Amino acid sequence: MGSSITQQIFQQIVNGLSLGSIYALIALGYTMVYGIIKLINFAHGDIMMVGAYAGWYAITVLHLSFLPALLFAMVACALLGVVIERIAYKPLRNASRIAALITAIGVSLFLEYGGMLLVTAQVRTYPPVFPETMYSFHGVIFKYGDIVMLLTSTILMVLLHITVQYTKMGKAMRAVSFDKDAALLMGINTNNIISFTFAIGSALAAAAGVLMGVYFNTIDPLMGIIPGLKAFVAAVLGGIGIIPGAMVGGLMLGLIESIVSGLGASTWRDAVAFLILILVLIVKPSGLFGKNVREKV
Amino acid sequence: MLVLEDVNVYYGAIHALKGISFEVNQGEIVTLIGSNGAGKSTSLKTISGLLRPKTGKITFNGENLASIAPQLIVSKGISQVPEGRHVFANMTVIENLELGAYLRKDKAGVKQDMQRVYGLFPRLLERNTQISGTLSGGEQQMLAMGRALMSKPQLLLLDEPSMGLAPILVKQIFSIIKEINEGGTTVLLVEQNAHMALSIANRAYVLETGKIVLSGDSKQLAASEEIRKAYLGG
Ligand SMILES: Nc1ncnc2c1ncn2[C@@H]1O[C@H](COP(=O)(O)OP(=O)(O)OP(=O)(O)O)[C@@H](O)[C@H]1O
Ligand SMILES: [Mg+2]
């Protein structure tokens, strides 16, 4: 009996990490965009949805296998992210934050309902790309899909970390997000860096979309709303604008959800997740990784 | 080397620079002094491309700066140390210096200039892996100057390098500015500390509410009754 409880706990941890790694991938885009232009990009979850459809198209129509389909979706959404930024957000760079926020909501609705026009509201089934193989380790079950999901998101996050910390582009990104004028004085083209940030964030969202399609088997044009909101919560939980915060926030949220479900309270799952968010923010308003300093204006 | 002709700059409706003309010649230290809000920082920002003049012309080595994208002005040989340092506080000292050389392709030259900066500011070498937000104010000033030098500028724009520093450090910073100038870099220095500025500069311009009201040899200006009363405290 004792061992079966431990098994269950570990099982929920495995499930939670899988789900959480998706949240983390989406949260990264939220946090990076916020870090660089202080915009909550409400269309981000919908970019994930577009990614899911791009992956679906690549697999069912182009007959690509998982990895090429993943790359296809990532590239498509990177372009989409750059186009959205240039058309919708760039003209508002010096406008009030609320104007930019409303524009983001507009872009979100555009993608959701434009998507419906284009692909209809009908739910589509994701083709099975992975074998149904399961591995059992001391009674804890790992689905093949879980492993691929964890592996994919871990690799993407490591790549992101290396890019941001060690490449010239990454350093320029951190410079622009810290101080745009000073970055300009260094010779950094801030517009290009902002585009680059949107490209990376949207590509990560696309990866999350493909993984979600694979994991839950179905996709529809409104599938981005709830995960988008949750990823936003994850980003705030970790400290918005802080990259490691988004990773940890996403994983935590996934873990909390699956542990609450595992306790047989799955209807309470979201409520508990949001309650924890509120508690964290009461204790630490700037999030787990945030510094408690007033933001400079 | 640098020539401003009848430059007008506005912040919305605020007319901050009202037809300013001045020049800086190769090898000089020129200082721009004036009280708070006179338009000193605005002048430097307009030269470095952060602001654009509404009318008037700025040429550098004969080239009109209006035709150059703001972020490329640094590659023409103009580098600014902004007022209040503006180091990238979230990054290490080395990363800040690397960003100073962002547009340079000559790796060997960049390495050499990094050594030169460490030579001028040995403190930066001691602290090179420290996050720069945790540096002292004086160290941040050194870093901001070092970072600006990493682009290998012909003209260095300095905005109030003595701000908030202890007198002994001010002396040290000014002697380093002199050393940088003797190494062949032309300097345009904005200062509140008119006394120190006039002591190292060749020439000076006095700015008052967006206009140049006096100019000349800095020794003569330092001796003039008007300047002593208004800017040197007696
Ligand atoms: N961003 C801005 N928006 C509106 N007005 C501004 C802005 N920046 C400066 N000004 C105005 O332009 C004028 C010149 O300012 P500037 O910063 O150039 O002065 P300064 O000579 O550098 O002063 P200080 O010695 O205090 O640094 C001031 O009247 C100031 O209020
Ligand atoms: Mg100033």
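A brief look at the structure comes next. What you are looking at is a predicted structure, and each value in this text was computed from that prediction instead of being measured.

1. What about the pattern of salt bridges?
Scanning all chains against the criterion turns up 14 salt bridges over all chains. A salt bridge links Lys230 of chain A to Asp270 of chain A; its shortest N-O distance comes to 2.9 Å. With Lys230 of chain A in helix α9 (residues 225-238) and Asp270 of chain A in helix α11 (residues 269-283), the pair connects residues that are 40 residues apart, well separated along the chain. The residue Arg104 of chain B makes a salt bridge to Asp113 of chain B at a minimum N-O spacing of 2.6 Å. Each member of the pair Arg104 of chain B and Asp113 of chain B is classed as buried. A cluster of three or more residues bridged by salt bridges with shared partners is formed by Lys230, Glu257, Arg269 and Asp270 of chain A.

2. Here's the deal with the interface of chain B and chain A
Contacts between the two partners involve 21 residues from chain B and, on the opposite side, 18 residues from chain A. For the pair chain B and chain A, the two sides together bury roughly 1,900 Å², of which 65% comes from carbon and sulfur. Contact with chain A buries surface across chain B, with Gln71, Phe88 and Tyr102 of chain B losing the most and accounting together for 35% of the total. On inspection of chain B and its partner chain A, the count reaches two salt bridges. At the junction of chain B with chain A, the criterion picks out four residue pairs in polar contact (both at pLDDT 80 or more).

3. Considerations on the environment of Lys111 of chain B
With respect to the helices, strands and loops of the structure, Lys111 of chain B is situated in helix α3 (residues 107-120). Taking the C-alpha atoms as reference points, Lys111 of chain B and Asn96 of chain B, separated by 15 residues in sequence, lie 14 Å from one another.

4. Here's the deal with the site of ligand 1
All names here are of chain B. Residues in close proximity to ligand 1 total 14 residues, the closest being Asn36, Lys40, Ser41, Thr42 and Gln192. In this structure, a nitrogen atom belonging to ligand 1 sits 3.4 Å away from a side-chain N or O atom of Tyr11. Coverage of ligand 1 by the protein amounts to 63% of the 640 Å² it exposes when considered alone.

5. Some remarks on the sheet that holds strand β9 (residues 203-208) of chain B
All names here are of chain B. Strand order in this open sheet of six strands is β6-β7-β8-β3-β9-β10, and the pairing throughout is mixed. A strand with exactly one partner marks an edge of an open sheet, and here the two such strands are β6 (78-81) and β10 (211-217). Averaged over all pairs of adjacent strands, the angle between their axes in this sheet comes to 15°, without regard to strand direction. Taken together, the four bridges between strand β3 (residues 29-33) and β9 define a ladder with parallel strand orientation. From the neighbouring strand, Leu32 faces β9, where its bridge partner is Tyr205. Against the sheet, helix α1 (residues 40-48) engages β3, β6, β7 (155-159), β8 (186-191) and β9, with an angle of about 150° to β7. The strands touched by helix α5 (residues 137-149) within the sheet are β6 and β7, with β6 carrying the most contacts at an inclination of about 170°.

What counts, and at which threshold
- Residues numbered from 1 in each chain as written.
- Chains lettered and ligands numbered in written order.
- Predicted model: local features only at pLDDT ≥ 70, side-chain atom pairs only at ≥ 80, totals over all residues.
- Heavy atoms only, no water.
- Salt bridge = Lys/Arg side-chain N within 4 Å of Asp/Glu carboxyl O.
- Helix = DSSP H or I, 4+ residues; strand = E, 2+ residues; numbered from the N terminus.
- Buried < 20%, exposed > 50% of the residue type's maximum accessible area, 1.4 Å probe, protein only.
- Contact = heavy atoms within 4.5 Å.
- Buried area = accessible area lost by both parts, 1.4 Å probe.
- Polar contact = N/O pair within 3.5 Å; in protein donor to acceptor, adjacent residues only side chain to side chain.
- Near = heavy atom within 4 Å.
- Areas by Shrake-Rupley, 256 points an atom, 1.4 Å probe, with all protein chains shown as cover.
- Pairing = 2+ DSSP bridges.
- Axes fitted to C-alpha atoms, helices over the stretch in contact; angles between N-to-C directions.

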